[in-house]
Amino acid sequence: MFMQFNRRWKFGWGRFSEVDLFTDRHESNAETLSQAIRAAASEEPDADGSVLFGQLKGTVVGLRYYSGVVNQGEMVGLVRQPQNPYDRNAVMVANIYGNQVGHIKKELAAAMAYIMDNNLAKVEGVVYSGTKNTYTMPVMLSFWGKEESKNSVLEHMSRRGYKLNTEGGKLKGTVFLLIFFSFQLKNAFDNLFEGLMESKDGEKEAAVSVATPLLLHQKQALSWMCARENKAALPPFWEKRGELYYNTLTCFSAKELPERVRGGILADDMGLGKTLTVIALILTNFHKGKPLPVEKCVSRSVLQSFQAICFMSNLCSLITKCVFTCVQVEKVSPIKAKMTSQMALTLEEGSVLFEDLDFAAALSGSTSDTGSKKKKTDKKSSLTQSEFQQCIFIESRTTLIICPLSVLSNWLDQFEQHVDPNVKLNVYLYYGPERNRSKKFLSSQDVVITTYNVLSSDFGNKSPLHGISWLRVVLDEGHIIRNPNAQMSKAVLDLKAQRRWILSGTPIQNSVRDLWMLVAFLGLKPFDTREWWNRVIQRPVTQGDRAGLQHLQTLVKYITLRRTKNSEVNGRPLVSLPEKKVYVEQVELSQPEREEYELARTEGKNTIGRYVAEGTVLRNYADVLAILMRLRQHCCHPDLLAKISSDLGAAATPAELRERLIEKLRLVLASGSDEECSVCLDSVRLPVITHCAHVYCRPCIAQVISTSGQVARCPLCRSEIKTSELVEFPQEEMEEENSTKSERWRTSSKVQALMGNLLRLRSKDSSIKCLVVSQFTRFLTILETPLREHGFSFVRLDGTMTQKKRTQVIQEFQSSAADSPTIMLLSLKAGGVGLNLTAASHVFLMDPAWNPATEEQCIDRCHRLGQKRKVVVTKFIVKDSVEENMVKIQRKKQDLMEKAFGSTNTDRKTSRIDDIVALMEL
DNA sequence: ACCGCCGGGTGCC
DNA sequence: ACCGCCGGGTGCC
C-alpha cells in the first residue's frame, strides 16, 4: 500500500524528480508512469458508460524540453501534476510509453485541473498535426464522463472561455440501446473465443522426460506455447515502418521492437489436458526450445548413469564452466547440486556470476541479441546501476504455478503421473504454515506450486515469491483474478516473470472488463495500463463500436489458444465422445389445463397490448416477464403459479407494495431469462428491485444513485429512484415455500410425460441414470412426490444448497454402487461449468430456457470426458404454447444479432418492439 | 514623454 | 517563435 502511495506521489514531482524518470531506458519510465496511472485509475470508477461531453482544441507547449515524440494521429495521455512547483494546475502530456511530450498551456490547464481533480470528466488527447514542431503543437482534447456531470463541465470550461464542440457526440444511452448492447455484447463475447482452435504452429514432441504421450491437440498446444515463449514476432497492432515500429491503434512508434508477450492464454475446455500440456511445456522449453536440464535418478545400470552424464554434458553450452569441469567427475548427484546452486545465482553481492551469457540470457529473459551485446563487455566487471537494480531479484529457472486450493492436489498428482519416474524434477509445494520461505531455496526448484490465497497473504509481507524473477508464472483457473481491485490480483500483477501463462476453461465470463486483468498480467503493451485499455478497447466495445470489437478480437486471437471438445483437428474430433441425441417430445395439455392456459394467455395479451399502445413496454418490463412466466408455469404444473400478483398500481400500503415488489423480483429472478444488471452487464449479484420494478445488483445501483445529483433515475426507465426504496429478496422467503406446498398433490401432463419415460427406461435398463432438469425449483419439488411413489432413488441439486452439501450429493450420484441414486433433480442454473455428472446418460429438460447456451451447458455436464454411454436428451415442449415460441425466439435472437450491426438506431428500436410483440404471439 | 513607437531579448509548467 | 510579451531606448517630420 505504501508503495502504491509512493508511486502516485512521484507523479506530482517537480523539475528535479522528473530527471530520474527520463533516463535512457524508456522502459523504467513506462513502468513508473503506468503504475502511477494504474494506481490512480484503480480509485476511479470504470470508464465505461461514459459519454462524450465535447471536444476542444488545445496546445501542448514546452516540447523542446522533453524527449517524448508523437506521430500524427497518436493518442496521448494527460496527467495532472499538482505538485509542479511552477503551477499547481499543471497538466502533463505523455505518449504511450510514458515519455513526456510537454505540458498543456497554462490557461487551459487551469480550466482542466479542476475538472480532472474532481473526476468530473476524463480528458483524452489525440495529436493530429504539428508533431514535428519545435515549441508547441495542437492537441484535440476529448472530455468524457458521466451524463450528470456534463453540464457542470461545459459550464466550467465556458466560464474560462473554452467552448467545447459538442457536435457528433450523440451517443446517449437510450433504454433500448442499453438493453440492446448488453445483449449484443454478451453474444459477441460468446463468440469471442470461437475460431481460435485452428492449429497455429504445427506440432511439437514433448521432451523425453514427459512420460505420457501427448495427444495430437496437446502437441499442437505445446508447439504454440513454445513459439509464444521463444519467437520474437510483432505483437498485434504493431508494424515495422522503415526503422521504426509503429502501433496502428495508438499511432505510437518506437525505435526498439516493442516488448513481446511471452506467454498467453490457454483456454482449452476442461478435460483436454491443459495441465499435461503445461507440464510438457515446463520440461520441453527451458531455453530456445531446449529441454529443462533435469537430473536423472541415480539408477541401477551403469549405462543409464553414463547416459545421464552425456545428457548433462550436452547442456554444457548452457551452463557455467564450473559445471563443465564437474561433468568430468563421474557422480551425477553432486553435479546436479552444483548446477542448481549455480543456477540459483544469488546476485545480492552485486557481481556478475553468470559466465555463460546464453544461459544468463535464458534466465533474464532477454533475447540473444542483448546477450551478445553483453558478451562484448567485460564479463567480470561489476554491475551498472540499473543492472544492480534488477539483481535485487533472484533470477531463477523456476516455474511458479498458482492455482485455487481445490486443484492443488491435482497438480501434484499430474506431475507424479506424467513425469518420467527416472527423472528427478524438483517440485515444491509452497503451502501451509511450515512452508520454506527462503528465496534461495525456492529459486533452486524446478517448479513451485502455490495458491492464490497464499500468494496474496504473502504479498506486502516480505513475500519471497515477489522477490524472485521467475522463468515462468502460470495462473491456473486464471479467470478468478478478474477483479483488478482484489488483493489477489494485485499480488499476481506484482510478480516478476519472463514468461506468463493463464489457464482457463472460461476466459471471458461476462464482460470485457474481466479481460483487462488477463491482458495486464500478460503485459500486452500498452493495454496493461488501464487508460489505454479503456480508450482503445473497452469504451469502443461497450459503446458498440464495431472496430473496437474487431480490435478486441484480434487481440484475443493473438494471445489465446482455445479448443473445445467439439473442435476438430484435420477433420477429426480432438477427443471422441459418445454420441449424443436430442429429441423433442411434444406434450399435449389436458382439457382443463388448456382452458386455464388460454385464460391466462388472453389476460396477458390484453395487458401487453395496452403497454404497447401506451409505448410503455419497457417501463413495465418486469410485468411482461411475469406474464410470460405465468404462461410457462402453466405449461409445467398448475401449482407453480404464485397465488398473489395483482396489479402493482393498486398497492394500498407501503407494506403491500413491498410485498408485490418482492414477488416481482422473485419472478424476474426465477424467470430463467439469465437476468443481467444493466449497470455492470454482469449477472445480477445481491439483487435489488426498484420501485419501477427493474432489477440491479445492489452495489451497482447504489453507485448510480450516489453519483447522481439530487435526483437519481433508473437507468432503464428514468423513473426517480431512492436508496431507501430499493427492495431486496428476504432470505427466509426461499425456504418458506416448502411449507405452502402440499395440501393435495396433483399431476400434470408434463409430469405424466416424464414419469412415462422414466418407468420405460427403468424397465429396459435399471442401471441408467438420469438428470431431470427444470428452471423452477418448485417444479423439482413437485416431481419428488411421484418419484417416491414409484420407488425411484433420487437426489436433488439446486442453487440453494451449500457447497458441502453439493459435493456430497454429486458424489452419491456419481457412485456406481448398486444402491446409488439413479435420478438427479437438477435446477438448470445450479453449479458451475465444471460440474461433472457423467454417471447420467439421459437428460430430461422439463422446460425450455431463454438461452440455448444454458441448456447446452447443462447437457454438457454429462456429455463430457468420462462419459461411457450414448447420451440421450429429451426436451419436453407443450404443444401450441409459449414454450414453442421460446424455441423460435432462441433461433431468431441469433439472426437479429447479425442484422443489428448494420442497421440504424431507429431500426433497432422498432425491430426490438416488434420482436417482443411478435414472439409472444400477443 | 506621467505617452507611443521601435527593435532586441526572450520563451513550458 | 516566420509569434506575443516584456521592458529599455528613444523622441517632429
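Residues numbered from 1 in each chain as written. Chains lettered and ligands numbered in written order. Predicted model: local features only at pLDDT ≥ 70, side-chain atom pairs only at ≥ 80, totals over all residues. Heavy atoms only, no water.

With an unreviewed UniProt entry as reference, chain A is termed Helicase like transcription factor, source organism Oreochromis niloticus. What UniProt records for chain A under Subcellular location (unreviewed entry) is the sentence "Nucleus". (UniProt positions renumbered as here; feature names shortened; annotations may be inferred.)

So, on to the overall build of chain A. Along chain A, the regular secondary structure elements total 32 helices and 32 strands. Buried positions account for 54% of the 922 residues belonging to chain A. Contacts in chain A between residues at least 24 apart in sequence constitute 72% of all its contacts with a sequence separation of at least 6. Put simply, chain A shows about 42,300 Å² of open surface, and 51% of that area lies on carbon and sulfur atoms. (Helix = DSSP H or I, 4+ residues; strand = E, 2+ residues; numbered from the N terminus. Buried < 20%, exposed > 50% of the residue type's maximum accessible area, 1.4 Å probe, protein only. Contact = heavy atoms within 4.5 Å. Areas by Shrake-Rupley, 256 points an atom, 1.4 Å probe, with all protein chains shown as cover.)

Let's shift gears to the protein's contact with DNA strand B. Close to DNA strand B lie 14 residues, the nearest being Arg-64, Tyr-65, Tyr-66, Asp-87 and His-103. For DNA strand B, the backbone portion of the atoms within 4 Å of the protein, that is sugar and phosphate, comes to 55%. Asn-84 is positioned with one of its side-chain polar atoms (N or O) 3.3 Å from a base oxygen of DNA strand B. At 2.6 Å from a sugar or linking oxygen of DNA strand B is found a side-chain nitrogen or oxygen belonging to Asp-87. Split into classes, the residues belonging to the surface near DNA strand B amount to 6 nonpolar, 3 polar and 5 charged. (Near = heavy atom within 4 Å. Polar contact = N/O pair within 3.5 Å; in protein donor to acceptor, adjacent residues only side chain to side chain. Nonpolar A, V, L, I, M, F, W, Y, C, P; charged D, E, K, R; others polar.)

Take the sheet that holds strand β3 (residues 91-94) next. Taken together, 6 strands build a closed barrel; the order of strands is β1-β4-β3-β2-β5-β6 and the barrel is antiparallel. For this sheet the average axis-to-axis angle between neighbouring strands, irrespective of direction, equals 40°. Relative to strand β4 (residues 100-104), β3 runs antiparallel, the two being bridged by 3 bridges. The partner of Val-93 across the bridge, within β4, is Gly-102. Of the strands in this sheet, β1 (51-61), β2 (74-80), β3, β4, β5 (122-127) and β6 (137-145) are in contact with helix α4 (residues 106-117), which crosses β2 at around 75°. Here helix α20 (residues 530-542) sits on the sheet in contact with β2, β5 and β6, set at roughly 135° to β2. (Pairing = 2+ DSSP bridges. Axes fitted to C-alpha atoms, helices over the stretch in contact; angles between N-to-C directions.)

Okay, the pattern of salt bridges next. Applying the stated rule across the entire model yields 29 salt bridges. Across the pair Asp-268 and Arg-563 runs a salt bridge whose closest N-O atoms are separated by 2.8 Å. Here Asp-268, found in the loop between β10 (263-266) and α8 (274-284), pairs with Arg-563, found in the loop between β19 (560-561) and β20 (568-569); they are 295 residues apart in sequence, far enough to count as distant. Neither Asp-268 nor Arg-563 differs from the other in exposure class; each is buried. Residue Asp-765 pairs with Arg-869 through a salt bridge whose shortest N-O separation is 3.4 Å. Highlighted residues: Asp-765 in the loop between α27 (749-764) and β28 (770-774) and Arg-869 in the loop between α30 (852-860) and β32 (871-878), separated in sequence by 104 residues. Taking relative accessible area as the criterion, Asp-765 reaches 26% and is therefore assigned partly exposed. Looking at Arg-869, the relative accessible area reads 32%, which means it is partly exposed. Taken together, the salt bridges that share partners define one network made up of Glu-124, Glu-531, Arg-535 and Arg-539. (Salt bridge = Lys/Arg side-chain N within 4 Å of Asp/Glu carboxyl O.)

With 12 residues, helix α29 (residues 803-814) should cover 16 Å at 1.5 Å per step; its first-to-last C-alpha distance of 16 Å lies within 8% of that length. Within the sequence span of α29, burial applies to Arg-806, Val-809, Ile-810 and Phe-813. In a view along the axis of α29, the buried residues occupy a sector of 100°, so they form one face of it. Opposite the packed face of α29, turned more than 90 degrees from it, sit the exposed residues Lys-804 and Gln-811. Each element contacted by the buried residues of α29 is listed here: β28, β29 (794-797) and β30 (823-827). (Expected span 1.5 Å × (residues − 1). Arc of directions from axis to C-beta.)

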